[in-house]
Amino acid sequence: MQSIKMLDLVSKYEAPLYVYDSDKIAANYNDFVNAFKVPKLKVHYACKALSNITILKLFRSLGAGLDCVSSQEIRLGLLAGFKPEDILFTPNNISEAEYDHTVSLGVNITVDNFEMLEYFGSTYPEVPVCVRINPHMMAGGNRKISVGHIGSKFGISIHQLPLLERIVNSFKMNINGIHVHTGSDILDSEIFIKAAQLILSVVDKFDTVKFVDFGSGFKVAYKENGLHTDIAEFGEEFSTMFNEYCEKRGKQYELKFEPGKYMVSDAGVFLARANVIKQTPATTFVGVDSGMNHLIRPMFYDAYHEITNISNPEGKKKIYSVVGYICENDTFGVDRQLSQVRKDDILQFKNAGAYCFSMSSNYNSRYRPAEVLIHNGKDYLIREREQFDDLIKNQPSIEI
Ligand SMILES: *Cc1c(COP(=O)(O)O)cnc(C)c1O
């Protein structure tokens, strides 16, 4: 990424701009895969983090599977060349019609409530189904992104195991996998492993199970030396536990994970131009040519993105609040130390690979930015900046 200068990319493609690095994505994927010492492993990239079709093709070329949460993501995955059997479908609260469609596509189905389980039992008794379990454990982090706790909407409660067994047995269902995803931010691998052991006690109940899918929640560092999952250490501990379980059961289960953020977060940056430097009585604001319409994580769940002024790296350090142009609370960062910012300088936001472009919108009727991939030392435009036509193309012209 260093060899290609970000400022040159801004000259070529204009700002605001997302830039991703395929070498970094490959390194993240390989570190993850190599951390686990088990006979059967498949890592499915959770593509909601960054779903550009070129990024999906990159994951396919690395040997990953895909984790999809909508039938549209499945279609993107198939278009990117993934085989249906390498795609996991792990949605939440979707309709029977959407499930019907995905059954016809031949992907691996996961259900996360009893109604849908009974629907599959009565409608598709021959289709193997994976069941999402909620172990009710908080894996650290922020309540908004912890999805394993008692108040969470996800999964079938581990306390309802007897009902689960009754439904599966009465329909003679083929439960091919057990799934858990306790949400982002695994700070404590001990809690994760405890939750995993609970999940394995569910695997015990179903002889048809072939794989156990432990979802994701791997944490990346947002600051230098920031808290993050030590994947090598976690992988070693986890593999030991998992291998012992398989040995005890006398059966080689396939181990699956679905990391999104871990794969792409630090492989992307977001570049935005400073439009206005405004001194108020209390604060110096930098207003950039972007906002929550392009990168909503700071406003949505207080995510931290490191910001630097790449146009003036040697400039004197000053304290700024970096804000966007949206007419709404639109703050990227408060009291940040940046090299002096001048009008038209380019600010770089780190960790912009995951849940940034993929959560972007047209709020305030603005265009979504372009995306560029650096691959084998060259830059490729992988998504064009939107234009006015994109805003109105789905709106019939009605005479009023
Ligand atoms: C979002 C999601 C993931 C990916 O989570 P990350 O924190 O980005 O790694 C994995 N599995 C499921 C079911 C998800 O909904």
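Definitions and limits used
Residues numbered from 1 in each chain as written. Predicted model: local features only at pLDDT ≥ 70, side-chain atom pairs only at ≥ 80, totals over all residues. Heavy atoms only, no water. Helix = DSSP H or I, 4+ residues; strand = E, 2+ residues; numbered from the N terminus. Contact = heavy atoms within 4.5 Å. Domains from an automatic or database assignment. Buried area = accessible area lost by both parts, 1.4 Å probe. Phe/Tyr/Trp six-rings, centres within 6.5 Å; stacked < 30°, edge-to-face > 60°. Buried < 20%, exposed > 50% of the residue type's maximum accessible area, 1.4 Å probe, protein only. Near = heavy atom within 4 Å. Polar contact = N/O pair within 3.5 Å; in protein donor to acceptor, adjacent residues only side chain to side chain. Areas by Shrake-Rupley, 256 points an atom, 1.4 Å probe, with all protein chains shown as cover. Nonpolar A, V, L, I, M, F, W, Y, C, P; charged D, E, K, R; others polar. Axes fitted to C-alpha atoms, helices over the stretch in contact; angles between N-to-C directions. Parallel < 35°, antiparallel > 145°, perpendicular 65-115°, else oblique. Left-handed = near helix turned anticlockwise from the far one by under 90°.

Peer 1: Help me get a handle on the environment of Met359, residues and values and all.
Peer 2: Turning to its location among the elements, Met359 is positioned in the loop between strand 16 (346-349) and strand 17 (370-375). Separated by 287 residues in the primary sequence, Met359 and Gln72 have C-alpha atoms spaced 15 Å apart. Here Met359 is in contact with Ile296, Phe300 and Tyr301, once residues within four sequence places are set aside.

Peer 1: Describe in detail the domain arrangement of the protein, supporting the description with residues and values.
Peer 2: Here the protein is partitioned into domain 1 (3-18 + 265-385) and domain 2 (51-259). In this structure, domain 1 and domain 2 have C-alpha centres spaced 34 Å apart. With twelve residues of domain 1 in contact, the opposing surface of domain 2 contributes twelve residues. Both sides together, the interface formed by domain 1 and domain 2 hides about 1,100 Å², and carbon and sulfur atoms give 57% of it.

Peer 1: Can you explain the packing of aromatic side chains? Please cite residues and give values.
Peer 2: Aromatic rings in a pair are described by how distant their centres are and how their planes are angled relative to each other. For the structure shown, the criterion picks out 31 aromatic pairs. Aromatic pair Tyr18 and Phe357: ring centres 5.9 Å apart, planes at 85°, arrangement edge-to-face. Taken as a pair, Tyr18 in strand 1 (residues 17-21) and Phe357 in the loop between strand 16 and strand 17 lie far apart in primary sequence, 339 residues in all. Grouping residues by exposure puts Tyr18 and Phe357 together as buried.

Peer 1: Please provide a residue-by-residue account of the site of the ligand, values included.
Peer 2: For the ligand, the set of nearby residues contains 14 residues, the closest of which are Lys48, Ser216, Glu258, Lys261 and Tyr355. Between Ser216 and the ligand, the recorded distance is 2.4 Å, taken from a side-chain N or O atom to an oxygen atom. The contact in question runs from an oxygen atom of the ligand to an N or O atom on the backbone of Lys261, over 2.8 Å. In isolation the ligand exposes 390 Å². Once the protein is present, 94% of that is buried. Of the residues belonging to the shell around the ligand, the class tally is three nonpolar, six polar and five charged.

Peer 1: Would you mind going over unusual backbone geometry in detail, with residue names and values included?
Peer 2: Excluding glycine, a negative phi dihedral is what most residues carry, and trans is how most peptide bonds are arranged. Between Ala15 and Pro16 the backbone carries a cis peptide bond, its omega angle lying at -5°. Checked against the element boundaries, Pro16 lands in the loop between helix 1 (6-13) and strand 1. Phi at Asn364 takes a positive value of approximately 70°, unusual for a residue other than glycine. Topologically, Asn364 is positioned in the loop between strand 16 and strand 17. Look at Ser365: it is not a glycine, yet its phi comes out positive at around 55°. Looking at the element boundaries, Ser365 is found in the loop between strand 16 and strand 17. The class for Ser365 is exposed, based on a relative accessible area of 54%.

Peer 1: So what about the packing of helix 2 (residues 22-35) against helix 3 (residues 53-62)? Which residues, and what values?
Peer 2: The geometry of helix 2 relative to helix 3 is characterised by a closest axis approach of 11 Å and an angle of 45° between their N-to-C directions. It follows from the interaxial angle that helix 2 and helix 3 lie oblique. Seen from above, helix 2 lies across helix 3 with right-handed handedness. Contacts from Ser22, Ile25, Ala26 and Tyr29 in helix 2 reach Ile55, Leu58, Phe59 and Leu62 in helix 3. Of the residues assigned to the contact of helix 2 with helix 3, the class counts are seven nonpolar, one polar and no charged.

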